[in-house]
Amino acid sequence: MSPAQGNPAPPAPIRVLVVEDDPVAADAHRMYVERVPGFTVVGTARTRGEAQRLLERTPADLLLLDLYLPDGHGLQLVRGLRAVGHTADVIAVTSARDLAVVREGVSLGVVQYVLKPFTFATLRDRLLRYAEFRASVGEASGQDEVDRALAALRAPQPAELPKGLTPATLQAVTDTLRAAEEGISAASTAEVVGISRITARRYLEHLVDAGRAARAPQYGQVGRPELVYRWLTAHPAD
């Protein structure tokens, strides 16, 4: 069956150029990006000059950019790219905490900041949020739709977990919920994650309370309806 007769072809992966002068960190960042579905690394540059040369011959949609490079500040690279019409978005990966630098970066098209040191889960979250933002196409029907598109880029505020909940299990439950496009029950979540149904429901209810998920009864066979949980892709807490 041809693509025209069946399902449309999947979107092309988002092309990422990793710009990082530390070889160990560069390899780690490349590995992290390639573990996230929908992304591919098209190259690694150790300096500002090398990044410019790579971009002249290798298209990239997104720069994973260290701000402290041996031959100049990362924002100088971005400024030069904008001057010649290069529109690649930027996620800054840096130890810089100067808010003046953050403001300048935003004006140049830096869509996310990831502070070193960070975990794979942190970078994965930022990449998935960027992909969600990038997937927003067409004309917005109103202010709410514009707000939802921009909200995809904003990370949730850190919050202390309720007693008995752990970050690792919460991440596993979150990943399971996000993968379940049609929603998922506590029992099914428990089976996927390898925890009890009661424990799975505690985590799912925590995500509902945090504004990350919604629940609704699903009526099927005779008897008490089953609660089904769905991930909210955009909401005020983002």
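Heads up: the structure comes first, above all this text.
This write-up is about the structure you can find in this document.

So, how was this worked out
- Residues numbered from 1 in each chain as written.
- Predicted model: local features only at pLDDT ≥ 70, side-chain atom pairs only at ≥ 80, totals over all residues.
- Heavy atoms only, no water.
- Helix = DSSP H or I, 4+ residues; strand = E, 2+ residues; numbered from the N terminus.
- Buried < 20%, exposed > 50% of the residue type's maximum accessible area, 1.4 Å probe, protein only.
- Areas by Shrake-Rupley, 256 points an atom, 1.4 Å probe, with all protein chains shown as cover.
- Salt bridge = Lys/Arg side-chain N within 4 Å of Asp/Glu carboxyl O.
- Contact = heavy atoms within 4.5 Å.
- Pairing = 2+ DSSP bridges.
- Axes fitted to C-alpha atoms, helices over the stretch in contact; angles between N-to-C directions.
- Phe/Tyr/Trp six-rings, centres within 6.5 Å; stacked < 30°, edge-to-face > 60°.
- Lys NZ or Arg CZ within 6 Å of the ring centre and 35° of its normal.
- Core = buried A, V, L, I, M, F, W, Y, C linked by side-chain atoms within 4.5 Å.

1. Things to note about the overall build of the chain
- Each helix and strand counted, the chain has nine helices and nine strands in total.
- Taken across its 238 residues, the chain has 39% of its residues classed as buried.
- Carbon together with sulfur atoms contributes 54% to the accessible area of the chain, which is approximately 13,700 Å² in total.

2. Structural notes on the pattern of salt bridges
- Within the structure shown, the criterion is met by eight salt bridges.
- For Glu34, the salt bridge identified is with Arg30, shortest N-O distance 3.6 Å. Here Arg30 and Glu34 lie together in helix α1 (residues 23–34), a separation of four residues that amounts to about one turn.
- Classification of Arg30 by relative accessible area gives partly exposed; the value is 30%.
- When salt bridges that share partners are traced, they join Arg15, Asp61 and Arg134 into one network.

3. Describing the side chain of Thr189
- Mapped onto the elements, Thr189 comes out in helix α8 (residues 186–193).
- Setting aside residues up to four positions removed in sequence, Thr189 forms contacts with Val173, Thr176, Ile184, Ala200 and Leu204.

4. A few points about the sheet that holds strand β1 (residues 14–19)
- Spatially, β2-β1-β3-β6-β7 is the arrangement adopted by the five strands of the open sheet, whose pairing is parallel. Only two strands of the sheet have a single partner each, and these edge strands are β2 (39–45) and β7 (110–115). Mean inter-strand twist for the sheet, computed between neighbouring axes without regard to direction, equals 20°.
- By the bridge criterion, five bridges tie strand β6 (residues 89–94) to β7 in an arrangement that is parallel. In the sheet register, Val90 faces β7, and the bridge partner there is Val110.
- Helix-sheet contacts for α1 involve β1, β2, β3 (62–65) and β6, and the interaxial angle to β2 is about 165°.
- Across the sheet, helix α5 (residues 120–134) lies against β1, β2, β3, β6 and β7, angled at about 170° from β7, the strand it touches most.

5. Here's the deal with the environment of Met31
- Relative to the assigned elements, Met31 resides in helix α1.
- Distance in space between the C-alpha atoms of Met31 and Val41 is 8.9 Å, their sequence separation being 10 residues.

6. Notes on the packing of aromatic side chains
- Counted according to the given criterion, the structure contains one aromatic pair.
- Ring geometry for Tyr32 against Phe120: centres 5.5 Å apart, planes inclined by 50°, an arrangement best described as tilted. A residue pair is termed long-range when its members are at least 10 positions apart, and Tyr32 in helix α1 and Phe120 in helix α5 qualify at 88 residues.
- What makes Tyr32 buried here is its relative accessible area of 17%.
- The ring of Phe120 is capped by Arg35, whose NZ or CZ atom sits 3.8 Å from the centre of that ring.

7. A word on the nonpolar core
- Leu17, Val19, Leu63, Leu65 and Leu67 are the most contacted members of the largest nonpolar core, which totals 22 residues.
- Within the residue set of this core, elements represented by two or more residues are β1, α2 (48–57), β3, α3 (74–83), β6, α4 (99–108) and β7.
- With four residues, the top contributor of residues to this core is α3.
- Once residues lying within four places of it in the same chain are set aside, the contact partners of Leu63 are Leu17, Leu55, Leu81, Ala88, Asp89, Val90 and Ile91.
- Core analysis: the next-biggest nonpolar cluster, separate from the first, contains 19 residues, Val41, Ile91, Phe118 and Phe120 among them.

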